[in-house]
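# Overview (structure and organization)
Now for the letters of each chain:
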Amino acid sequence: MSEDLKCVHCGNSCGKSPVIFGENPFCCSGCSTVFQILNASQLKQYYQIEPMPGIRIDDEKRPASETYAFLDLDKFKSQILTFSEGGISKVSFFIPTIHCASCIWLLENLHQLNAGIIQSFVNFPKKEINITFKDSEITLRQLVELLVSIHYIPEINQHNIEKPSGDMAEKRLFIKIGVAAFSFMNAMIYHFPQYLPGHQFLDADMKSLFGWLSVLLAIPVLTFSASDYFLTAWKSLMKKMISIDLPIALGLITLFTQSLAEILSGRGIGYIDSLTGLVFFMLIGRWYQGKTYQALSFERDYKTYFPLAVTKISEEGTTTIALEDLKAGDRILVRNQEIIPADSVLKSETANIDYSFVTGESMPVVKRAGDFVFAGGRQIGSAIELTIEKEVQQSYLTQLWNQAENPFTANDKLNTIVNRVSQYFTIVVVLIALTSGLFWYFNKPEIAVFAFTSVLIIACPCALALTVPFTFGSTMRQFGRRGFYLKNTAVIEHLQKIDTVVFDKTGTITNAQSSGIRFVGDQLSDDQKLMIKSLAFHSSHPLSKTLYNSLEGDELFDVSNFQEIPSMGLSGNINGIRINMGSKYFVTGAKSDDENLKTEVWIFIDVSVAGYFQLENQYRDGLQNLIRKLGKNYELHLLTGDNEAERTNLIGYFGDEQRLHFNQSPTDKLEYVRSLQKRGKKVLMIGDGLNDAGALNESNVGIVIADNVFNFSPACDAILDSKRFANLDKFIGFTRQSMKIVFAGFGISFLYNLVGLSFAVQGNLSPIVAAILMPISSVSVVVFASFSVSLRAKVLKI
C-alpha cells in the first residue's frame, strides 16, 4: 500500500517507490535531503509546528552548482547587500514559497544550520527575509545555496539586480483588470437581449452563438485575470489550509460550469456576464485596497515614525534641521552615541562606529578620513563630521528600529484571535453556501447558482482582518502629528494594558534646557570655559547641552581621547590638558552632599578640581497635573541617579515616598523594572534614553522624552516630544479609545456579513452586486477606522 504513503516533508504521495530515510517515507530524494539537513541540525520542530509543511523539490528545478556563481563577483555583491562592514553583512531576499508558521520558524533559525548566520528576520506579509551573517564563515553565494538546499529559493538573478522593477506587480494587475473589463463589457452586450421583454423569441442559433462567444471571453478571465484566486486556493488546499480565496474560486468555477451546462443543453446562455463582472470588480477592489495600504505604509515610514533631526554644518555654523530636509552632499555633525542617519563619507580623521543597531553585534569599527560609513551606525567617542553620500531613507532607519521584535510573528493575542476567526469564518461560509445552493436546487433551481455563488462572494473576513491594522495605523498617524512617535502598532495594544508608570528624573520630569546656572569655585579663564564647552559639545546628555549653550565662544578646541561614562560624566584631553566633568563622585571620588537641592556638574582641569556648575532643577510645565491624573489609574514610581536632596519636593508630586528611589545606577533601574514585572506589573518606563536604556528595553513599554534635537534611542518603543509631555496621560488614555474602535469595527464587519448573507441565501443578491459590496465592506471599515480615530482625537484634544 505504498501508494497511500504521504511524504513526511511535503505531504505529496510517495507513489510506488518511496525514498526511505530512517523509516520515514519521502516522495523524492530532494525532500529526503532537506529532512536530513534539518534532522542533523536538531531542527525537527519544523515538522511539529505544522505537519508536512515543506514544498516538493523538483529534480529538474534543482540549480546546477554554478547557478549562483555570479554572487561571488564584487560587482553583484555590492548591489545585493544592504550592509557590509567589519566582516558582517546584511541582505534581504524575496522568497515566494514562505507560506506558514513552520516556514517562519525555520527561516528565523537559520543560525542553527550555519554558525556564520547571526540573525534572520521574516516579514511574512511581504514574504521577505532579512539576514545578517559573518563574511568569514559564509559567503553570499553559500547563503543563497543554503536557502535553496532547504527549498526556500530567493527570487534573484542578474537581470533583476541590474534593472529592479517595483511596479511590475501593479502593471500586471492593471493588465488583468483591462482583460476583465474588456470581457465584461462585451459579455454584457451578448447577454443584454435576455434582459429585454420578448427575449424568449430570440432565435436559438443566435442565443447559442452569443453563449459560445461569451465562453470565449470568459476563458482569459478565468485563466489570467482570476489566476491568483485559483492558485492561492489550490496551494492552501495542498497544505490542508483554508484560504479566503477558496470561496471565490468555488464561485467562479460554479458560474462557469453552470453556464456551460446551459449553453450545451440549449436552455440559455449562462451567467458569463456575472462571472466576468465579478472578477472585474474584485480586481478593482484589490487595486484600491493596495493603494490604501501603500498610502498608509508611506505615511508610516516617512512621516509619523520619528522626526530625526540632524546637525548640519554650513559656512554660517551649525544648525539643526529635520532629517527629511537633508540632501546628498550636505555636511553633518554626529556626536557621541548619536545615530548616523544616511550613508556618508567620513571627513574627520578617525571615528569609532558601533553597528550593533544594524547587525546586533557590538563591535565598533575604526574608520579613517575618506572611508564610507553606512546609515544606522552609532558614533562612539568625540563628535565627527561626515558628508552625505546617498539620499536619506528614513524608512530604512524605522526598519532597523523594528527588527528587534517581529510584529508579524510576535504572540499578539488580538491578532491571533482575528486570524483564527478569519480561518473558521471561511469554513462556515463554504458550508452555508453549499447548504443554500442545495436547498434552492431542490426548491427553485433557477436561483440555486446565484444563491451559492453570492454567499461565497459576499461573505468575506477581509473587513475583520483590516480592522486592527487600520485602526492602530490611524492612531499612530494621529499620535505622530502631535509629537508622539511609536515604534509599531503593537505598542498601542501594550500601552493600553499598563498599570505601573516609572519615571526617570533628569531630562525626563526636569527641563535641563531652562535651568539657571552659576559656577562655584575658582575663577575660570576664558580658555578654560572654552575647554569645558568643547568637551560638552561632544555629548548629547541634557546637562552637557545645557552647559554648552550657557558658555560663550564659537571656536572650539579639538578633543582627543573622549569618553562618556553613563551616570558618571565626560573625560577628554584638550591641548595636552586632562578635563573631567560630571558627578562629584566621578570627579573627586567623594559622595555628593544630600543637603544640596541643586544639580551639580563638577569640573576637573589638568591636576586639580576647579569647582562645579550649579543648575536649578526646573520641573516640566504641567508635571503636577500630569502626576495627579496618572495617579488615579496607575501605580507611580521614580528612579533617579541623583541624591536625595529633592526627596521632599518630589514627595509633593508623587506622594508615597516608598516609591521614590535615589542614587540609582543604570543597572539598578533595570533590576527595579524587573522586580515590578515579577510582581505581575505591566510597566511603562519613561526616560531620556541615555542612562536608562536597559530599563527602557526591559519594560513593557519604554518612552523617551526628546528635547529640541531628537535623540533617537533604539531601546525605546516610543518617542515623545517634550513639548507634549503634559499630554502623556491623554496619549495613554487614547489607546483605550482605539481598542473600543477596534471592537466597533469588528461589530460592523459581522453586521455586514450577517445582512449580506441573509440576502444571499435567499437568492436575492446577484454575484455582481456581491462582488461590488465585498470591497466596499473592506473600504467601509478603513473609512470608519480612520474617521473615528480622527474624530476622537479632535474631541479628546490629545
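Residues numbered from 1 in each chain as written. Predicted model: local features only at pLDDT ≥ 70, side-chain atom pairs only at ≥ 80, totals over all residues. Heavy atoms only, no water.

### Focus on the overall build of the protein
Rules: Helix and strand definitions here come from DSSP, where helices need a minimum of 4 consecutive H or I residues and strands a minimum of 2 consecutive E residues; each element is numbered from the N-terminal end. Between buried and exposed lies partly exposed: a residue is buried under 20% and exposed over 50% of the maximum accessible area for its type, with that area taken using a 1.4 Å probe on protein chains only. Residues are treated as being in contact if the distance between any of their heavy atoms lies within 4.5 Å. The protein chains shown are the only cover counted for residues, whose accessible areas, like all others here, come from Shrake-Rupley with a 1.4 Å probe.
Across its full length, the protein holds 26 helices and 28 strands. Each of the 798 residues in the protein was classed as buried or not, and the buried ones make up 51%. Put simply, 67% of the contacts in the protein that link residues at least 6 apart link residues at least 24 apart. Total accessible area on the protein stands at roughly 36,600 Å², and carbon and sulfur atoms take up 54% of it.

### Comments concerning the pattern of salt bridges
Where we set the bar: Salt bridges, as used here, are contacts in which a Lys or Arg side-chain nitrogen is within 4 Å of a carboxyl oxygen on Asp or Glu.
The final tally for this structure, using the stated rule, is 13 salt bridges. The residue K312 makes a salt bridge to D330 at a minimum N-O spacing of 3.8 Å. One end of the pair, K312, is in strand β7 (residues 309-314); the other, D330, is in the loop between β8 (317-322) and β9 (331-334), and 18 residues separate them in sequence. Residue class for D330 comes out buried when judged on its relative accessible area of 13%. Residues K681 and E635 are paired through a salt bridge, measuring 3.2 Å at the closest nitrogen-oxygen approach.

### Remarks on the sheet that holds strand β21 (residues 577-582)
In a beta sheet, neighbouring strands pair by backbone hydrogen bonds and run either parallel or antiparallel. Note the following rule: Any two strands between which DSSP finds at least two bridges are classified as paired. Each axis is a line fitted through C-alpha atoms, taken for helices only over the stretch in contact, and angles between the N-to-C directions span 0 to 180 degrees.
On the basis of which strands lie adjacent, the open sheet formed by six strands has the order β18-β23-β22-β21-β20-β19 and antiparallel pairing. Each edge of the open sheet carries a strand with a single partner, namely β18 (517-521) and β19 (560-565). Averaged over all pairs of adjacent strands, the angle between their axes in this sheet comes to 15°, without regard to strand direction. Packed on one face of the sheet, helix α18 (residues 526-537) meets β19, β20 (569-574), β21, β22 (599-605) and β23 (608-615) and runs near 120° to β20.

### Concerning helix α5 (residues 140-149)
Burial of α5 is extensive: seven of the 10 residues sit out of reach of the surface. Along α5, the positions that sit buried rather than exposed are L140, R141, L143, V144, L146, L147 and V148. H151 occupies a position one or two residues after α5 and carries a positive phi of about 60°.

### A closer look at the sheet that holds strand β3 (residues 83-85)
Taking strand neighbours across the sheet as the criterion, the four strands line up as β3-β4-β6-β5 in an open arrangement whose pairing is antiparallel. The two strands at the open ends of the sheet, each matched to only one other strand, are β3 and β5 (117-123). Strand-to-strand, the axes of this sheet are offset by a mean angle of 15°, without reference to chain direction. For strand β4 (residues 88-94) and strand β6 (residues 128-134), the ladder comprises seven bridges, and the chain directions are antiparallel. Looking at the pairing, I88 lines up with K134 of β6.

### Side note on the packing of aromatic side chains
Which entries qualify depends on this criterion: When the centres of two rings from Phe, Tyr and Trp lie within 6.5 Å, Trp using its six-membered ring, the rings pair. Their planes under 30 degrees apart give stacked, over 60 give edge-to-face, and anything left gives tilted.
Inspection of every chain in the model, using the stated rule, returns 17 aromatic pairs. For the ring pair F484 and F731, a centre distance of 4.8 Å and an interplane angle of 35° mean the geometry is tilted. Highlighted residues: F484 in strand β16 (residues 484-486) and F731 in helix α25 (residues 728-760), separated in sequence by 247 residues. Measuring from centroid to centroid gives 5.8 Å for F503 and F654, while their planes differ by 70°, and the two rings are edge-to-face.

### With respect to unusual backbone geometry
Most peptide bonds adopt trans geometry, and most residues besides glycine take a negative phi value. Its identity as a non-glycine residue notwithstanding, N561 has a phi of 55°, on the positive side. Along the chain, N561 falls in strand β19. With a relative accessible area of 54%, N561 lands in the exposed category. Of note, the phi angle at N663 is positive, near 55°, even though the residue is not glycine. On the secondary structure map, N663 appears in the loop between β25 (660-661) and α23 (666-678).

### Describing the side chain of K176
To keep it simple, the criterion reads: Here a polar contact is taken to be a pair of N or O atoms separated by no more than 3.5 Å, where protein atoms must pair a possible hydrogen donor with a possible acceptor and residues adjacent in sequence count only if both atoms sit in side chains.
Summarising the element assignment, K176 is placed in helix α7 (residues 168-191). Engagement of the side chain of K176 in a polar contact is seen with the side chain of D228, the distance being 3.0 Å. Contacts of K176, omitting those with residues within four sequence positions, involve F224, S225, S227, D228 and L283.

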